[in-house]
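A closer look at the structure
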Amino acid sequence: MKKLILIALFSALPMLVFNSCTKSNSQTLASKTTEEGEEDEGYITIDTSQIPDDQFGESVRYGRELMMKTAYYIGPNGKNGQYLGNKMNCTNCHQDAGTKPHAFNLMSSHDNYPQYRGRENKVLTLAERVNNCIMRPHSGKPLPLDSKEMVAFLSYFKWISKFVPKDGNFKGAKNLEIEFPDVAASPERGKVLFAENCARCHGNNGEGVYNADKSGYTYPPLWGEYGYQPGSSMHRVIKQAQWLKSNMPYDKVLLGKPYLTDKQALDIAAYVNDDSQHKRPNPKTFDYPNKMGKPIDYAHSPFQDNFSEEQHKYGPYKPIIAYWKKQGWKAVY
Ligand code: HEC
Ligand code: HEC
């Protein structure tokens, strides 16, 4: 086998090869789902034992550590610097350090930047995009571009990008899509579903549970002082529902095999992101300079259309999408 092992599973490849290649070094979740059966056929995994033994490799290794134990290194009491305002780790959302399929997968990010972003209406570098996540979900201050930490994040993203096709077209690159019901998402229904499916880990008040030495979380917070900010994409109902569909409840969902229905995922995301019930840090909103690039579930006027903030936030989304289509515009969400 070549030094870098790309384990792209096509149906022709016998399961035997997959098992022997991945058992030892692939991430826990990937191996857990492997044992469950065939759902992961076609998914790409990485082999961390193949990180090179040179300076670049050292930076890649630190970058991976930073993804997994972000708060330990650069959190409010960080060992190597204080940048984040909370103790969430990147991997809490970009699971398996950004390599889990359908979990805001970051394996193409190195290839995708610099990229035009509607949010800022300008072209961002990958480093600037990393700092957006440090500032919003983590309520932090940006990492200096020449810091060891920023270099490590970028080295890691470069290394994991080797495993995927350059056109970014691979299974699990995007989160699963949601089919929109005719009714609006409901925080009331979501509250009941949350108690049944989420509170056992994240707590009734969404506060999460710290790990033993409090350097991070066993179950990260969903709202409150230490949760992500309203300016984060996770605060958008559709965006969150797409992620929940393939990733939560953590103990029930299997890779690519949702546990929640689409409607349930939307209702729960509506409850989690209902600002009339749940406080978050830095409620000030960021606006999109270009309204055409504003995602339809980013619920702050002015809009390019005449739908209300309420409808943008909770739906029903179908009429909004249909209206955009009729105008010949592309709705983003
Ligand atoms: C609360 C959840 C959350 C946390 C924590 C988080 N992110 Fe993100 N991140 C997101 C979401 C949501 C997006 C947007 C994804 C999309 O639009 O599909 C994103 C996008 C990104 C992107 C752009 C990906 C691309 O290819 O366009 C990068 C890079 C990134 N995050 C890095 C990080 C890093 C590094 C950390 C830790 C310092 C981090 N994120 C923490 C939710 C999170
Ligand atoms: C068995 C425990 C468990 C259950 C049940 C569970 N989660 Fe999670 N959740 C986790 C863990 C663990 C993580 C962090 C994942 C990681 O680091 O890989 C997480 C991460 C998250 C995140 C991203 C990080 C953040 O804090 O913003 C959100 C959002 C989330 N869960 C929502 C939910 C919702 C909504 C439900 C119910 C549908 C749910 N979870 C059920 C364990 C759980």
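Before reading further, recall that the structure is shown in the block above.
Below or above, wherever it landed, is the structure these notes cover. (Residues numbered from 1 in each chain as written. Chains lettered and ligands numbered in written order. Predicted model: local features only at pLDDT ≥ 70, side-chain atom pairs only at ≥ 80, totals over all residues. Heavy atoms only, no water.)

As a further point, take the site of ligand 1. By nearness alone, 20 residues border ligand 1, and C90, C93, H94, Y113 and C133 come closest of all. The side chain of K239 places a nitrogen or oxygen atom 2.9 Å from an oxygen atom of ligand 1. Counting residues per element, the shell around ligand 1 draws most heavily on helix 7 (residues 126-135), which supplies five residues. Per-class residue counts for the shell around ligand 1 are twelve nonpolar, six polar and two charged. Split by domain, the shell around ligand 1 shows at least three residues from each of two domains, domain 1 (7-161) and domain 2 (187-272). (Near = heavy atom within 4 Å. Polar contact = N/O pair within 3.5 Å; in protein donor to acceptor, adjacent residues only side chain to side chain. Helix = DSSP H or I, 4+ residues; strand = E, 2+ residues; numbered from the N terminus. Nonpolar A, V, L, I, M, F, W, Y, C, P; charged D, E, K, R; others polar. Domains from an automatic or database assignment.)

In this fold, A199 is placed in helix 10 (residues 199-202). Classification of A199 as buried rests on a relative accessible area of 12%. Among residues more than four places away in sequence, those in contact with A199 are F194 and N204. (Buried < 20%, exposed > 50% of the residue type's maximum accessible area, 1.4 Å probe, protein only. Contact = heavy atoms within 4.5 Å.)

Below, the discussion takes up the coordination of the iron atom of ligand 2. The iron atom of ligand 2 binds to the protein through H202 (NE2) and M248 (SD); the donor distances cover 2.0 to 2.4 Å. For the iron atom of ligand 2, the six donor atoms in the first shell make angles of 85 to 178° at the metal, so the coordination geometry reads as octahedral. Note that H202 is positioned in helix 10 and M248 in the loop between helix 11 (237-247) and helix 12 (262-272), a separation of 46 residues in sequence. The class of H202 is buried, set by a relative accessible area of 10%. By relative accessible area, which is 14% here, M248 ends up buried. (Donors = N, O, S within 2.8 Å, 3.2 Å for Na, K, Ca; no water. Tetrahedral: all angles 85-135°; square planar, octahedral: opposite > 155°, others 65-115°.)

Turning next to the coordination of the iron atom of ligand 1. Under perfect tetrahedral coordination by four donors, a metal shows angles of 109.5 degrees; under perfect octahedral coordination by six donors, it shows angles of 90 or 180 degrees. Protein coordination at the iron atom of ligand 1 comes from H94 (NE2) and C133 (SG), with a distance range of 2.0 to 2.3 Å. Of note is the iron atom of ligand 1, whose six donor atoms meet at the metal with angles of 89 to 178° in an arrangement that counts as octahedral. On the criterion of sequence distance, the pair formed by H94 in the loop between helix 4 (70-74) and helix 5 (95-98) and C133 in helix 7 is long-range, its members being 39 residues apart. Residue classification places C133 among the partly exposed residues on the basis of a relative accessible area of 23%.

Another aspect to go through is the site of ligand 2. As a matter of local geometry, ligand 2 sits amid 25 residues, with C198, C201, H202, P221 and M248 nearest to it. Within the contact set of ligand 2, a nitrogen atom lies 2.8 Å away from a side-chain nitrogen or oxygen of H202. Between ligand 2 and the protein, one listed contact pairs an oxygen atom with a backbone N or O atom of P221 at 2.6 Å. At the level of secondary structure, the elements contributing two or more residues to the shell around ligand 2 comprise helix 10, strand 6 (217-219) and helix 11. By residue number, the principal contributor to the shell around ligand 2 is helix 10, which donates three residues. Class assignment of the residues belonging to the shell around ligand 2 gives a composition of 17 nonpolar, six polar and two charged. The residue makeup of the shell around ligand 2 includes at least three contributed by each of domain 1 (7-161) and domain 2 (187-272).

Further remarks concern the nonpolar core. Membership of the largest hydrophobic core comes to 37 residues, with the highest contact counts inside it found for F194, V237, L244, L266 and I268. If you list the elements that add at least two residues to this core, you get helix 9 (187-197), helix 11, helix 12 and helix 14 (318-326). It is helix 12 that contributes the most residues to this core, seven residues altogether. Setting aside residues up to four positions removed in sequence, F194 forms contacts with A199, H202, G203, N204, L222, W223, I268, Y271 and V272. Y62, Y83, M107 and Y156 belong to the second largest nonpolar core, which has 32 residues in total. (Core = buried A, V, L, I, M, F, W, Y, C linked by side-chain atoms within 4.5 Å.)

This part covers the environment of V332. By the secondary structure assignment, V332 is in the segment after helix 14. Take V332: its relative accessible area is 35%, and that puts it in the partly exposed class. The sequence separation of V332 and G293 amounts to 39 residues, and the corresponding C-alpha distance is 6.8 Å. V332 has contacts with M292, G293, K294, P295 and I296, leaving out every residue within four places of it along the chain.

Residue P114 is reached from Y113 by a cis peptide bond, and omega for that bond is -5°. Here P114 lies in the loop between helix 6 (109-112) and strand 3 (115-117). A cis geometry characterises the amide bond from G315 onward to P316, with omega recorded as 0°. When you line up the elements, P316 lands in the loop between helix 13 (309-314) and helix 14.

For the rest of this paragraph, the subject is the side chain of E149. Relative to the helices and strands, E149 resides in helix 8 (residues 148-161). The side chain of E149 sits in the buried core without any salt bridge; K148 is the nearest counter-charge, 5.9 Å away. Discounting residues that sit within four places of it in the chain, E149 has contacts with Y62, L66, I74, N80 and L143. (Lys, Arg positive; Asp, Glu negative; His and termini not counted. Salt bridge = Lys/Arg side-chain N within 4 Å of Asp/Glu carboxyl O.)

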